[in-house]
Structure formats: structure tokens, C-alpha cells
Amino acid sequence: EAGVTQSPTHLIKTRGQQATLRCSPISGHTSVYWYQQALGLGLQFLLWYDEGEERNRGNFPPRFSGRQFPNYSSELNVNALELEDSALYLCASSPDYNEQFFGPGTRLTVL
Amino acid sequence: AQSVTQLGSHVSVSEGALVLLRCNYSSSVPPYLFWYVQYPNQGLQLLLKYTSAATLVKGINGFEAEFKKSETSFHLTKPSAHMSDAAEYFCAVSDLAGNQFYFGTGTSLTVIP
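Residues numbered from 1 in each chain as written. Chains lettered and ligands numbered in written order. Predicted model: local features only at pLDDT ≥ 70, side-chain atom pairs only at ≥ 80, totals over all residues. Heavy atoms only, no water.

> Describe in detail the overall build of chain A, supporting the description with residues and values.
In terms of helices and strands, chain A carries zero helices and 11 strands. Each helix and strand of chain A, placed in order from N terminus to C terminus, yields the pattern β-β-β-β-β-β-β-β-β-β-β. For 111 residues, the compact-globule formula gives about 13 Å, and the C-alpha radius of gyration of chain A, at 13 Å, lands near that figure. A principal-axis box enclosing the C-alpha atoms of chain A has dimensions of 35 × 25 × 25 Å. Across the 111 residues in chain A, those meeting the buried criterion constitute 50%. For chain A, the proportion of contacts with a sequence separation of at least 24, taken over those separated by at least 6, is 51%. In the form shown here, chain A has an accessible surface area of approximately 5200 Å², with 49% of it arising from carbon and sulfur atoms. Taking the average location of the 8 positive side-chain charges in chain A and that of its 11 negative ones, the two points are 11 Å from each other. (Helix = DSSP H or I, 4+ residues; strand = E, 2+ residues; numbered from the N terminus. Rg over C-alpha atoms; globule rule 2.2 N^0.38 Å. Buried < 20%, exposed > 50% of the residue type's maximum accessible area, 1.4 Å probe, protein only. Contact = heavy atoms within 4.5 Å. Areas by Shrake-Rupley, 256 points an atom, 1.4 Å probe, with all protein chains shown as cover. Lys, Arg positive; Asp, Glu negative; His and termini not counted. Charge placed at Lys NZ, Arg CZ, Asp CG, Glu CD.)

Right under this line is the structure:
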């Protein structure tokens, strides 16, 4: 069974630009979660999508947004990038809300 | 809102010694509890989970954790540390609706040869 995949592995942007990160869940999983892991801050919950709908979002500004496609893959968009957005962004998928399977992450660097 | 506290952001043990990583949660109802491990530059891998069955949960790589409701704790242990156990460990709790997972801030485990 293929795991959660994320692309790209690394992404380098400059301040003010937009970044798009992608996630493909495990086949059959309808929920996708996004997390930000900044240095020294642990995992911060960003967004939860299920069946194409945004179900919950963490304490992040509106310039962090995303969507889930009919095939359950998901996209995270970060607009007007700031230096402090540099982090590892992790995607996880879940079949039934009581376990999450994580992808390898996308390392975003904002210069 | 629920929360998870991991005591000790860095823990060092000698190879072959007991590993004990502490996790306390706040919840008014028995939650689902998890331990994840993260190796450098990788995503998180599930070590074990508690979902209201047996209070002593066995996971992969020789790890286990015990759910103690009276202490609101879910500490992770391993009898004998191996060099390959060096990693970041995260405790997490989920409410039964699955609306959100709450992660602790992580404990970095160093194994000294």
C-alpha cells in the first residue's frame, strides 16, 4: 500500500511570493490534515479537510488556505510569504479519525 | 480544548538503559492517545495508540505505553535503548470526533554509546 506522498520535497521562495504544496493521501482515506513544524515549535495544526470540505482550521492567518479535490488529494497555499513561514509542512491522511498517517513533508524556505 | 504536555524536551540515556518519555494530557473524557516517532528529515511514524481497549499498549520497535486515567498520563517506555532509537518523539491526543489532533512539543531522545 502506497503511503502519503507530498510534493515538492523542498521549496525555496522569497518574501511576498506564494507557495503551493501538494499532498496525496493513502488510497481510501478521505481526510487530510496539514501541519506546520517550525524549528522548536512542535507541530501546529493548520487545516483539516474531509470529503472535499474544510472541517476545521488552526490559529493561522487567512493567507494560509487550501482545498481538497474530488480524488481526496489536497493543496496548501500560502500567500504573501513571510520569513517565519519557513518550516516543514506535514500532511497526514486518516481513514476514520482515530489515526493519522504522515507524509515525508515539504521543507519550505522563505528568503 | 485538549492539551498535551511532554515533560523534558531533551532526554539522554545510555545504550541498553531504560527509556522513559513522559506525556500528560488534559481531557474530560477518555481520549485516543498516540505516540509518534520522527527521524531526521522524515515525517512522523506511528509507534502505538490507545483507543480504550487494554491500558498497556505495545507498539513497534519494543516500545510500550500505559494509559493511567487517574494520573492523566500516557508515558512511553522501552526496557533497553538502542542507538537507532535516537529521534524526536511526539505524544498526541485526539477527541472522539476526530476534529483535531493535539500534539505535544516533542522530546528529543539521545542514546549515548
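> Run through the side chain of Gln37(A), naming residues and quoting values.
Structurally, the position occupied by Gln37(A) is in strand 4 (residues 31–37). A distance of 2.9 Å separates a polar atom in the side chain of Gln37(A) from a polar atom in the side chain of Gln38(B). Not counting residues within four places of it along the chain, the set of residues in contact with Gln37(A) comprises Gly42(A), Leu43(A), Ala87(A), Leu88(A), Leu90(A), Gln38(B) and Phe90(B). (Polar contact = N/O pair within 3.5 Å; in protein donor to acceptor, adjacent residues only side chain to side chain.)

> Could you give an account of the interface of chain A and chain B, with specific residues and numbers?
With 18 residues of chain A at the contact, the number on the chain B side is 19 residues. Of the roughly 1500 Å² buried between chain A and chain B on both sides combined, carbon and sulfur atoms contribute 53%. Scanning the region where chain A abuts chain B turns up one salt bridge. Put simply, Lys49(B) and Glu99(A) hold a salt bridge, and the shortest N to O gap is 2.7 Å. The interface formed by chain A and chain B holds three residue pairs in polar contact (both at pLDDT 80 or more) in total. Of all elements in the fold, only strand 4, strand 5 (43–50) and strand 9 (87–94) of chain A reach the threshold of two or more residues within the side of chain A that touches chain B. Here the side of chain A that touches chain B is composed, by residue class, of 10 nonpolar, six polar and two charged. (Buried area = accessible area lost by both parts, 1.4 Å probe. Salt bridge = Lys/Arg side-chain N within 4 Å of Asp/Glu carboxyl O. Nonpolar A, V, L, I, M, F, W, Y, C, P; charged D, E, K, R; others polar.)

> If you had to explain the state of the cysteines to someone new, which residues and values would you point to?
All chains considered together, the criterion is met by two disulfides over all chains. Between the sulfur of Cys23(A) and that of Cys91(A) lies a disulfide, 1.8 Å long from S to S. Sign of the S-S torsion, about -60 degrees for the bond between Cys23(A) and Cys91(A), identifies this disulfide as left-handed. Separated by 68 residues along the polypeptide, Cys23(A) in strand 3 (residues 19–24) and Cys91(A) in strand 9 bring together distant segments of the chain. Here Cys23(A) falls in the buried class, since its relative accessible area comes to 2%. In this structure Cys91(A) comes out as buried when scored by relative accessible area, which is 0%. Between Cys23(B) and Cys91(B) runs a disulfide, and the two sulfur atoms are separated by 1.9 Å. (Disulfide = S-S within 2.5 Å.)

> Could you give an account of the sheet that holds strand 3 of chain A, with specific residues and numbers?
All names here are of chain A. The strand order 1-3-8-7 describes an open sheet built from four strands, whose pairing is antiparallel. Pairing within the sheet leaves two strands with one partner each, and these edge strands are strand 1 (5–7) and strand 7 (64–68). Taking the axes of each pair of neighbouring strands and ignoring which way they run, one obtains an average angle of 20 degrees across the sheet. Pairing geometry for strand 3 and strand 8 (residues 74–78), over five bridges, is antiparallel. Within strand 8, the position partnered with Leu-21 by the bridge is Leu-76. (Pairing = 2+ DSSP bridges. Axes fitted to C-alpha atoms, helices over the stretch in contact; angles between N-to-C directions.)

> Give a detailed account of the packing of aromatic side chains, specifying residues and quantitative values.
If you walk through the whole model with that rule in mind, you get 13 aromatic pairs over all chains. Taken together, a centroid distance of 5.2 Å and an interplanar angle of 65 degrees make the contact between Phe60(A) and Phe64(A) edge-to-face. Of the two residues, Phe60(A) and Phe64(A), both sit in the buried class. Ring plane angle 45 degrees and centroid distance 5.5 Å describe the contact between Phe63(B) and Tyr89(B), whose orientation is recorded as tilted. With Phe63(B) in the loop between strand 6 (56–58) and strand 7 (64–68) and Tyr89(B) in strand 9 (residues 87–94), this pair connects stretches of sequence that are 26 residues apart. Tyr89(B) matches Phe63(B) in its accessibility class, with the two residues each being buried. (Phe/Tyr/Trp six-rings, centres within 6.5 Å; stacked < 30°, edge-to-face > 60°.)

> Residues and numbers for the pairing of strand 8 (residues 73–78) of chain B, please.
Residues and elements named next belong to chain B. In terms of residue burial, strand 8 counts as a mostly covered element, since five of its six residues are buried. In the sheet, strand 3 (residues 19–26) pairs with strand 8 via four bridges, with the strands oriented antiparallel. In the strand pairing of strand 8, Asn-24 is matched with Ser-73. Connecting strand 7 to the next strand, strand 8, in antiparallel fashion are four residues, including Thr-72 with a positive phi near 45 degrees.

> Outline the nonpolar core, listing residues and values.
Of all hydrophobic cores here, the largest spans 28 residues; its most connected members are Trp35(B), Leu48(B), Phe74(B), Leu76(B) and Tyr89(B). At the level of secondary structure, the elements contributing two or more residues to this core comprise strand 2 (10–14), strand 3, strand 4 (32–38), strand 5 (44–50), strand 7, strand 8, strand 9 and strand 11 (107–112) of chain B. Grouped together as the second largest cluster of nonpolar side chains are 22 residues, Leu11(A), Leu21(A), Leu47(A) and Leu108(A) included. (Core = buried A, V, L, I, M, F, W, Y, C linked by side-chain atoms within 4.5 Å.)

Function cannot be inferred from these measures alone, as they are strictly geometric.
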